[in-house]
Amino acid sequence: MSRYFSLLGAGLLAGLMLTHGPLLAADGADAVPTVQVRVLARASTYASEAVIEAVRQATVASQVQGRVLEAKVDAGARVRQGEVLMRIDTREADQAVAGAAANVAAAQARLGDARLSLERARSLKARNFVSAAALDQAQAAYDAALAQQKAAEAGRAQAAASRGFATVTSPLNGVVAQRLTEAGEMAQPGRPLLIVYEPGSLRAVADVPQARLADLAKAGMKARVEFPESGRWLDAASVVVLPAADPRTHTARVRVNLSAEVAGVVPGMAARVHFAVGEAPRIAVPAAAVLRRGELTGIYVADGKGGFSLRQLRLGNALDDGSVEVLAGLAGGESVALDPVRAGLARKAR
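Residues numbered from 1 in each chain as written. Predicted model: local features only at pLDDT ≥ 70, side-chain atom pairs only at ≥ 80, totals over all residues. Heavy atoms only, no water.

Q: Sorry if this is basic, but what is going on with the overall build of the chain here?
A: Each helix and strand in the chain was counted, giving five helices and 22 strands. When each of the 350 residues of the chain is scored for burial, the buried share is 37%. Per element, the accessible surface of the chain, about 18,500 Å² overall, is 52% carbon and sulfur. (Helix = DSSP H or I, 4+ residues; strand = E, 2+ residues; numbered from the N terminus. Buried < 20%, exposed > 50% of the residue type's maximum accessible area, 1.4 Å probe, protein only. Areas by Shrake-Rupley, 256 points an atom, 1.4 Å probe, with all protein chains shown as cover.)

Q: Would you take a moment to explain the sheet that holds strand S4 (residues 57-61) for this structure?
A: Either a parallel or an antiparallel arrangement is found when strands of a sheet pair, and the pairing is made through backbone hydrogen bonds. In space, the four strands of this open sheet follow the order S4-S11-S9-S6, with antiparallel pairing throughout. For this open sheet the edge positions go to S4 and strand S6 (78-79), each flanked by a neighbour on one side alone. The pairing of strand S9 (residues 174-179) with strand S11 (residues 192-197) spans four bridges and is antiparallel. Residue pairing across strands places arginine 179 opposite leucine 194, the latter belonging to S11. (Pairing = 2+ DSSP bridges.)

Q: Explain the sheet that holds strand S8 (residues 167-169) to me, please; I cannot follow it from the model alone.
A: Taken in spatial order, the four strands make up an open sheet running S8-S7-S5-S10, and their pairing is antiparallel. Looking at the sheet topology across the chains shown, the edges are occupied by S8 and strand S10 (186-187). Bridge count for strand S5 (residues 66-71) against strand S7 (residues 84-88) is three bridges, and the pairing is antiparallel. Bridging from a neighbouring strand, alanine 71 pairs with methionine 86 of S7.

Q: Whenever I open this one, the nonpolar core confuses me. Can you help?
A: One recurring pattern in soluble globular proteins is that nonpolar side chains are buried together. Residues Val225, Val256, Val265, Val273 and Phe275 are the most contacted members of the largest nonpolar core, which totals 25 residues. Only strand S3 (40-54), strand S12 (202-209), strand S13 (223-227), strand S14 (232-245), strand S15 (251-258) and strand S16 (270-286) provide two or more residues apiece to this core. Residues within four places of phenylalanine 275 in sequence aside, it is in contact with Ser44, Thr45, Tyr46, Ser48, Val208, Leu216, Lys222, Ala223, Val239, Val254 and Val256. By size, the runner-up hydrophobic cluster in this structure holds 17 residues, among which are Val68, Val73, Leu85 and Val176. (Core = buried A, V, L, I, M, F, W, Y, C linked by side-chain atoms within 4.5 Å. Contact = heavy atoms within 4.5 Å.)

Q: I'm lost on the confidence of the model for the chain in this one. Help?
A: Parts of the prediction with low pLDDT should not have their coordinates interpreted in detail. Averaged over all residues, the pLDDT of the chain equals 79, while 84% of them reach at least 70. Counting contacts from residues 1-29, a segment whose pLDDT is below 50, to residues more than four positions away or on other chains yields 72 contacts. (pLDDT = per-residue confidence, 0-100.)

Q: I tried to follow the pairing of S11 on my own but got confused; where do I start?
A: Consecutive side chains along a regular strand alternate between the two faces of the sheet. The buried count for S11 comes to five of six residues, which makes it a mostly enclosed element. Summarising the sheet, S4 and S11 pair through five bridges and their orientation is antiparallel. Bridging from a neighbouring strand, valine 60 pairs with leucine 194 of S11.

Q: Where do I start with the environment of arginine 80 in this structure?
A: Secondary-structure assignment places arginine 80 in the loop between S6 and S7. Sequence spacing of arginine 80 and threonine 169 is 89 residues, and the spatial spacing of their C-alpha atoms is 9.1 Å. Those residues in contact with arginine 80 that sit more than four places away from it in its chain are Ser170, Leu172 and Asn173.

Q: It is not clear to me how the side chain of threonine 181 should be interpreted in this structure. Could you clarify?
A: Along the chain, threonine 181 turns up in the loop between S9 and S10. Take threonine 181: its relative accessible area is 0%, and that puts it in the buried class. Within the structure, threonine 181 has its side chain in polar contact with the backbone oxygen of proline 192 (distance 3.3 Å). For threonine 181, the contacting residues outside a window of four places in its chain are Val68, Met86, Arg191, Pro192 and Leu193. (Polar contact = N/O pair within 3.5 Å; in protein donor to acceptor, adjacent residues only side chain to side chain.)

Q: Whenever I open this one, the side chain of serine 48 confuses me. Can you help?
A: Looking at the element boundaries, serine 48 is found in strand S3. Overall, the relative accessible area of 5% leaves serine 48 in the buried class. At 3.4 Å, the side chain of serine 48 forms a polar contact with the backbone oxygen of aspartate 207. Sequence-distant contacts of serine 48, defined by excluding residues within four places in its chain, comprise Ala206, Asp207, Ala271, Arg272, Val273 and Phe275.

Q: Honestly, the pairing of S9 in this entry has me stumped. Any pointers?
A: In this sheet, S9 lies alongside S6 in antiparallel orientation, the contact comprising two bridges. Its bridge partner being in S9, arginine 78 is matched across the sheet by valine 175.

Q: Explain the environment of glutamate 226 to me, please; I cannot follow it from the model alone.
A: Secondary-structure assignment places glutamate 226 in strand S13. Taking the C-alpha atoms as reference, glutamate 226 lies 7.4 Å from histidine 274; in sequence the two are 48 residues apart. Engagement of the side chain of glutamate 226 in a polar contact is seen with the side chain of histidine 274, the distance being 2.6 Å.

Q: Help me understand the pattern of salt bridges, please; the structure alone is not making it clear to me.
A: If the charged atoms of two oppositely charged side chains come close together, the side chains can form a pair. Across all of its chains, the model carries 12 salt bridges by this definition. The salt bridge partner of arginine 87 is glutamate 70, with a shortest N-O separation of 3.8 Å. With arginine 87 in strand S7 and glutamate 70 in strand S5, this residue pair connects regions lying 17 residues apart in the sequence. We classify arginine 87 as partly exposed; its relative accessible area is 34%. The partner of arginine 248 in a salt bridge is aspartate 246, with the nearest N and O atoms 3.5 Å apart. Its relative accessible area of 72% is what places arginine 248 among the exposed residues. Through salt bridges with shared partners, one network takes in Glu49, Glu226 and Arg272. (Salt bridge = Lys/Arg side-chain N within 4 Å of Asp/Glu carboxyl O.)

In C-alpha cells form, the structure reads like this:
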C-alpha cells in the first residue's frame, strides 16, 4: 500500500484521540462518547468519475450468412475458449459453395479455349500467317482467362471456408455479457452475435484534465477505485495514461487496472477513481458523527462544560476508512460527539 493511502487509515487513528471526560446527559444517562480531531498531513487526491470495462473483451460476429439454428448460451454463462456458442444453418453456405464450383468450371473452360487460341496464334505467327498484334491479343486473352480462373478458385476456397464458420465458438475463457441474436434470426457476415469478456481482468477508465497529469506523475501514478453506491474501495494494480489527449475536451484517458477478479464488479458499472496528487493538511471525522437533517449537515461539538453545540459543516469526499473530510466548520483540537442523536438529547436536557 502506498504511503499516500496508508495515511488515510493511520492518520485517522492517530488524529482522532478518544477523550475520557465525563460528558453526561443531565438525566444521568451514560456519557456521550467523543473524539478529538487534529489536523494531520493526509494524502491529497483528485477524484474523477469512471466506468468499469474489461481488459479482454470480444464481440463475436457472424462470418457466414444463414439462420441461427441454436443459441447454446445466454448472458451470464461462463464459457471456455473453443466452446460452441451458436450454430448457424449452412444451407446458404452450401449454395455459395455450389455457385463457386460452377464459376470454377466455367473459368477452366474459358482458360482451355484461350490456351488453344494462343497455341494456334503462335503456330501461325511462326509461319508468318498472322501479325505480332494478333499474337499479343491471344496472349492477353489467355492471361485474362488465367486470372479469372485463379479468382474463381479463390472464391471457391473462401466459400468452403465460410461453411466451417457455421459453428460459432468462444474466442476466450470468460463470461457472456450479452447475447445479441436469438435462435431463428438471420445471421449476416459482420453482424454481432454475442459479447464475451474475461472477468479476471477489469479496469476503470477515467478522463483526466491535462492540467492534472503532471500531479499524477509526481505522486507516482497511484490510485484507488471507489464504488459510491456500496461504499466499496479497491486498490489499483497499475495506472496507465494513454499517450494522446482529446482535442475537444483537453482530457487524457487513464486506465486504472484492478488487481484481480472482484465479486460483484462487472463491465459498465459506474465508479470513482481517486488519484494521489500529493499531501495536504486535512481534518476528517467519522461518518457516524455527522448529522444530516434535510439540507443541514452538521456535527455536535463539545463546549468543554459537559454540553454540546450544533455546528454546520462543509464536507468533502468520503475516505476509504469510513471517515469524511471536513472542508470548513471545524478546527483542530476540538472534540465532537460520535453519537449525534445522544448528543442532541443531552443538549435538550440541559
